[in-house]
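Notes for the structure review
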Amino acid sequence: MADRTLAPDRSEVGASRALVVAVDTQDPRRPLEPELAEFEALAAASGATIVDRVVQRRDHVDPALLVGSGKAHEIADHAKALDATLLLVLNDLRPRQRKNLEKIVPLPIVDRTMLILDVFAQHARSREGKLQVELAQLRYRQSNLIGMGADLSRLGGGIGTRGPGETKLEVDRRRIQHRISVLNRQLEDVRRQRATRRAAPRHEPLVALVGYTNVGKSSLLNRLAKSDALVADQPFATLDPTMRRVWFKGDRYVRVVDTVGFITDLPKDLVNAFRATLEELDDADALVHVVDASNPDWPRQMQAVDATLEELSLDDKPRLIAFNKCDAAGAEPPHEAGELCVSARTGTGIDILKEALLRIVPEP
Ligand SMILES: Nc1nc2c(ncn2[C@@H]2O[C@H](COP(=O)(O)OP(=O)(O)OP(=O)(O)O)[C@@H](O)[C@H]2O)c(=O)[nH]1
Ligand SMILES: [Mg+2]
């Protein structure tokens, strides 16, 4: 039976009035602005209203509090004046920083990893996807509990919830651990069933669309296959792989699968968790890396995708790069001549993309 008290906070973020906080360490390799814009798009995707943003420039994040102590009090006052109900912190928080910050700003604090998990929790549709997200959320909560000090351990807890001599923290840990084992077992069942389905003989070539989130992978699949997979102007609209056949002249076709989008520093647990997608990628004969040519941030996004593909040992597959949204990319396309420039919206370049697809997959 599901332990309701451990159900993910669905959704702490949705319907909140969020004050966004970021520390800018002015690292020239990681300019803050695109990351902040992406963070706020994630917040919007999970339903939050952003009331303001506070950015503090410092050489390093404060190890005890993230921001300076004066800044923390300023944030508390500002949050109160704006009626904020949530603090959204761009930088990932160590448990100690979270605990200290909570003492000064009396609001729930959600960091980037939790925000991504929240969007995933709201968008997961398949049973496997839902189990995977809950597992990742609990793992994240577990790693935060472990860091917390003993002073939390005597709080809360009702009659009968605690074994002899057990602290609240120990009870929480035990229940989380228990729920994690249950989820792992259920996931194994779902995966076994999927493996059986996949075991059918397949000689049909498979191409996977990969790319940063929101670049237009689902739109491109729809355009290629004349289908209607979910398209939305928000990160992580697609979480479960969607497969379609794309037909060519003379009865030839390839299967094309649309996958979950990548993002910089995707939480490790989520990379591992989205096994259904990863299995499709493993099976793929070739990859199409879709890039959003209209987004000035495309080079950073492209790099993040390349890094993830390498981490997943997928970088040796035949690969095409397709610059999408060329209709919106302005007069000066950002890519080099000779690269594929397409628009899922207008259909420009789709025929050329199809020809290129045929060239990178093996003959049937
Ligand atoms: N202008 C323009 N917009 C596009 C094009 N292709 C997709 N879009 C828009 O980009 C947004 C994201 O499209 P999706 O197809 O959902 O992108 P995705 O890569 O599947 O996104 P996730 O599944 O969320 O990772 C939507 O608002 C689309 O309408 C294009 O060729 N040109
Ligand atoms: Mg999609």
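Please refer to the structure higher up on the page.
The present account deals with the structure reproduced in this document. (Residues numbered from 1 in each chain as written. Chains lettered and ligands numbered in written order. Predicted model: local features only at pLDDT ≥ 70, side-chain atom pairs only at ≥ 80, totals over all residues. Heavy atoms only, no water.)

Concerning the site of ligand 1
What counts here: Whether a residue is near a molecule or strand is decided by its heavy atoms; if any one of them lies within 4 Å of it, the residue is near. By the criterion applied in these results, polar contacts are pairs of N or O atoms within 3.5 Å in which, for protein atoms, one can donate a hydrogen and the other can accept it, and in which residues neighboring in sequence qualify only through two side-chain atoms. Accessibility throughout is a Shrake-Rupley quantity obtained with a 1.4 Å probe, and a residue counts as covered only by protein chains that appear here. Here a helix means four or more residues in a row that DSSP labels H or I, a strand means two or more in a row labelled E, and each is numbered from the N terminus. Each residue is assigned to one class: nonpolar for Ala, Val, Leu, Ile, Met, Phe, Trp, Tyr, Cys and Pro, charged for Asp, Glu, Lys and Arg, and polar for all the others, Gly among them.
Taken together, 23 residues surround ligand 1, and among them K217, S219, A237, T238 and D327 come closest. R345 places a polar side-chain atom, nitrogen or oxygen, 2.9 Å from an oxygen atom of ligand 1. Considering ligand 1 on its own, with 660 Å² of exposed area, one finds that the protein chains cover 92% of that surface. Ranked by the residues each element gives to the shell around ligand 1, the list is headed by helix α7 (residues 217-225), at 3 residues. Residues belonging to the shell around ligand 1 are distributed by class as follows: 8 nonpolar, 10 polar and 5 charged.

With respect to the sheet that holds strand β1 (residues 17-24)
Applicable threshold: Should DSSP find at least two bridges between two strands, the strands are taken to pair. In this description, a line fitted to the C-alpha atoms serves as the axis of each element, helices being fitted only across the stretch in contact, and the angle between N-to-C directions of two axes falls anywhere from 0 to 180 degrees.
Here 4 strands make up an open sheet; going across it, the order is β2-β1-β3-β4 and the pairing parallel. Each having just a single partner strand, β2 (49-57) and β4 (109-111) make up the two edges of the open sheet. Adjacent strand axes in the sheet meet at a mean angle of 25° when their direction is disregarded. In this sheet, β2 lies alongside β1 in parallel orientation, the contact comprising 8 bridges.

What to know about the sheet that holds strand β10 (residues 340-341)
Rule in force here: Between two residues, a contact is recorded if the distance between any of their heavy atoms is within 4.5 Å.
In space, the 6 strands of this open sheet follow the order β6-β7-β5-β8-β9-β10, with mixed pairing throughout. A strand with exactly one partner marks an edge of an open sheet, and here the two such strands are β6 (242-247) and β10. Bridge analysis of strand β9 (residues 319-324) against β10 gives 2 bridges, and the strand direction is parallel. Looking at β10, one finds that F323 is bridged to C341. Relative to the sheet, α7 contacts β5 (206-211), β6, β7 (253-258), β8 (286-292) and β9, its axis offset from that of β6 by approximately 35°. Lying over the sheet, helix α11 (residues 350-360) contacts β5, β6, β8, β9 and β10, oriented at roughly 170° with respect to β9.

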